[in-house]
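Fold and contact review
Listed here are the chains, written in short residue letters.
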Amino acid sequence: MTHVEAAQKSSDSSKALYGGTSTRRITVRDIAAAKQRGEKWPMLTAYDAMTASVFDDAGIPVLLVGDSMGNCHLGYDSTVPVTMDEIAILSAAVVRGTKRALVVADLPFGSYQEGATQALRNATRLMKDSGVGAVKLEGGERSAHQIELLVQSGIPVMAHVGLTPQSVNAFGGYPVQGRGEEAAQQLLRDAKAVQDAGAFAVVLEVVPAELAAEVTTALHIPTVGIGAGPECDAQVLVWTDMAGMTGGRVPRFVKQYMRLREALGGAARSFADEVVGGVYPAAEHSFH
């Protein structure tokens, strides 16, 4: 390796989304540059300031205030009931809890389907009132007009194709998308449509790994996989799934990196046992 190549490698390393040395806010320009470098990067969901600060300190470059909050924080059966007020409040909390991460907020079901004007009004609220750096919305060709107006208005947009959870009632569940030649070609058209509309990245959810690899190669914007195999430019997980906080069965694509639900339950039981047994609070926890 020449001195020039070594210097270039060092410079690229310092700019890395994960593990880089920059402390300023990540922007969509950084996301685009990572695609050019061939750099893979992680994204997690976050719904409150404290959890967001943990992920920000860990170096996670992009945090999604996802409408997945409906399932894992608000007690809904799906993402469909999540409201703009709920997204706005929790997005603001995540922004307050972070210093470096690009915070992306979901536009919830019913907040952009009427058309581009409705999408602009609600996305503008999230940018102005919550302080997010970008928004995300579901749909390919059907959402291209909304994406185009938002981008033209100065609002960065992350798109979302494949399995779109807001369409759970139309899908009749959460089936794998893009299987078969016709479905695969439609997904590719959807991905290209959101790219052409100006999206800076696109989530590919629950699609065959081979198709996701083809889409990733075909696009000049990064793909963010969730249940879409290893060839995507980035990977995202719902944090409660990733940390083992989710109870019951989790999707096949989820890897649990700890057993937080078990650990938190154990801590709660230890606290309760000490209260009942008169052990807590001890002298060192009391004022005199």
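Presented here is an overview of the structure given in this document.

About the criteria used
Residues numbered from 1 in each chain as written. Predicted model: local features only at pLDDT ≥ 70, side-chain atom pairs only at ≥ 80, totals over all residues. Heavy atoms only, no water. Phe/Tyr/Trp six-rings, centres within 6.5 Å; stacked < 30°, edge-to-face > 60°. Helix = DSSP H or I, 4+ residues; strand = E, 2+ residues; numbered from the N terminus. Buried < 20%, exposed > 50% of the residue type's maximum accessible area, 1.4 Å probe, protein only. Pairing = 2+ DSSP bridges. Right-handed = clockwise from strand over helix to strand, strands pointing away. Expected span 1.5 Å × (residues − 1). Patch = residues over 30% accessible without salt bridge, like charges linked within 9 Å, V, L, I, M, F, W, Y side chains within 5 Å. Areas by Shrake-Rupley, 256 points an atom, 1.4 Å probe, with all protein chains shown as cover. Salt bridge = Lys/Arg side-chain N within 4 Å of Asp/Glu carboxyl O. Core = buried A, V, L, I, M, F, W, Y, C linked by side-chain atoms within 4.5 Å. Contact = heavy atoms within 4.5 Å. Axes fitted to C-alpha atoms, helices over the stretch in contact; angles between N-to-C directions. Left-handed = near helix turned anticlockwise from the far one by under 90°. Nonpolar A, V, L, I, M, F, W, Y, C, P; charged D, E, K, R; others polar. Polar contact = N/O pair within 3.5 Å; in protein donor to acceptor, adjacent residues only side chain to side chain.

Attention shifts here to the packing of aromatic side chains. Geometrically, a pair of aromatic rings is defined through the distance of the ring centres and the angle of the planes. One pass over the structure, following the stated rule, counts two aromatic pairs. Ring centres of Phe-55 and Trp-239 lie 6.0 Å apart, and the angle between their planes is 65°; on these two criteria the pair is classed as edge-to-face. With Phe-55 in helix α3 (residues 49–57) and Trp-239 in helix α11 (residues 239–242), this residue pair connects regions lying 184 residues apart in the sequence. Exposure class is identical for Phe-55 and Trp-239. Each is buried. Relative to Tyr-280, the ring of Phe-271 lies with its centre 6.0 Å away and its plane at 65°, an arrangement referred to as edge-to-face. For Tyr-280, a relative accessible area of 35% puts it in the partly exposed group.

Attention shifts here to the pairing of strand β6 (residues 201–205). Burial runs high along β6: five of the five residues are buried. By the alternation rule, side chains of β6 split into Ala-201, Val-203 and Glu-205 and Val-202 and Leu-204, which are all buried. Relative to β6, strand β5 (residues 157–162) is paired through five bridges, and the arrangement is parallel. Looking across to β6, one finds that Val-161 is bridged to Leu-204. With respect to chirality, the unit in which β6 leads through helix α10 (residues 209–218) into the neighbouring parallel strand β7 (residues 223–226) is right-handed.

Taking burial as the measure, the five residues of strand β3 (residues 102–106) include five buried ones, the bulk of the element. Where burial is concerned, the two faces of β3 agree: the one with Leu-102, Val-104 and Asp-106 and the one with Val-103 and Ala-105 are both buried. With three bridges connecting them, β3 and strand β4 (residues 134–138) associate as parallel partners. Looking at β4, one finds that Asp-106 is bridged to Lys-136.

The terminal C-alpha atoms of helix α12 (residues 260–276) lie 24 Å apart, and with 17 residues this matches the ideal 24 Å at 1.5 Å per residue to within 8%. Where α12 terminates, the next one or two residues include Gly-278, which has phi positive at roughly 75°.

Another aspect to go through is a nonpolar patch on the surface. Together, Phe-271, Val-275 and Tyr-280 make up a nonpolar patch on the protein surface, roughly 280 Å² of accessible area in all. Assignment of secondary structure puts Phe-271 in helix α12.

We now examine the nonpolar core. Among the nonpolar cores identified, the biggest contains 57 residues, and Leu-63, Leu-107, Leu-126, Leu-150 and Leu-204 are the most heavily contacted of them. In terms of residues, this core owes the most to one element, helix α9 (residues 181–197), which gives six residues. Not counting the four nearest positions on each side in its chain, Leu-126 is found in contact with Met-84, Ile-87, Ala-88, Ala-105, Asp-106, Leu-107, Gly-131, Val-132 and Val-135.

With that settled, consider the packing of helix α5 (residues 84–96) against helix α6 (residues 116–130). It is at 9 Å that the axes of α5 and α6 come closest, and there the two elements cross at 35°. α6 is crossed by α5, and the crossing has right-handed handedness. Residues Met-84, Asp-85, Ile-87, Ala-88, Ser-91, Ala-92 and Val-95 of α5 pack against Asn-122, Arg-125, Leu-126 and Ser-130 of α6. Classifying every residue of the contact of α5 with α6 by side-chain character gives six nonpolar, three polar and two charged.

All right, on to the side chain of Thr-45 then. Relative to the elements of secondary structure, Thr-45 occurs in strand β1 (residues 41–45). The exposure class assigned to Thr-45 is buried, which follows from its relative accessible area of 2%. Of the polar contacts made by the side chain of Thr-45, one reaches the side chain of Tyr-47; its length is 3.0 Å. Only 2.9 Å separates the side chain of Thr-45 from the backbone nitrogen of Trp-239, close enough to count as a polar contact. Once residues within four sequence positions are removed from consideration, Thr-45 is found in contact with Phe-55, Leu-64, Ser-68, Leu-237, Val-238 and Trp-239.

Once that is clear, we can look at the side chain of Asp-106. Looking at the secondary structure, you find Asp-106 in strand β3. Here Lys-136 takes part through its side chain, which lies 2.8 Å from a polar atom of the side chain of Asp-106. If sequence neighbours within four positions are ignored, Asp-106 has contacts with Leu-64, Val-65, Gly-66, Asp-67, Ile-87, Leu-126 and Lys-136.

What follows is about the pattern of salt bridges. Side chains that differ in sign of charge can pair as their charged atoms come close. Under the defined criterion, the tally for this structure stands at six salt bridges. Asp-30 is paired through a salt bridge with Arg-24; the nearest N and O atoms lie 2.8 Å apart. By relative accessible area, which is 13% here, Asp-30 ends up buried. Exposure remark for Arg-24: the relative accessible area of 45% places this residue in the partly exposed category. A salt bridge links Asp-85 to Arg-125; the nearest nitrogen and oxygen atoms lie 2.7 Å apart. Pair noted here: Asp-85 is in helix α5 and Arg-125 is in helix α6, with a separation of 40 residues, a long-range link.

Functional significance is not addressed by these values, which are geometric in nature.
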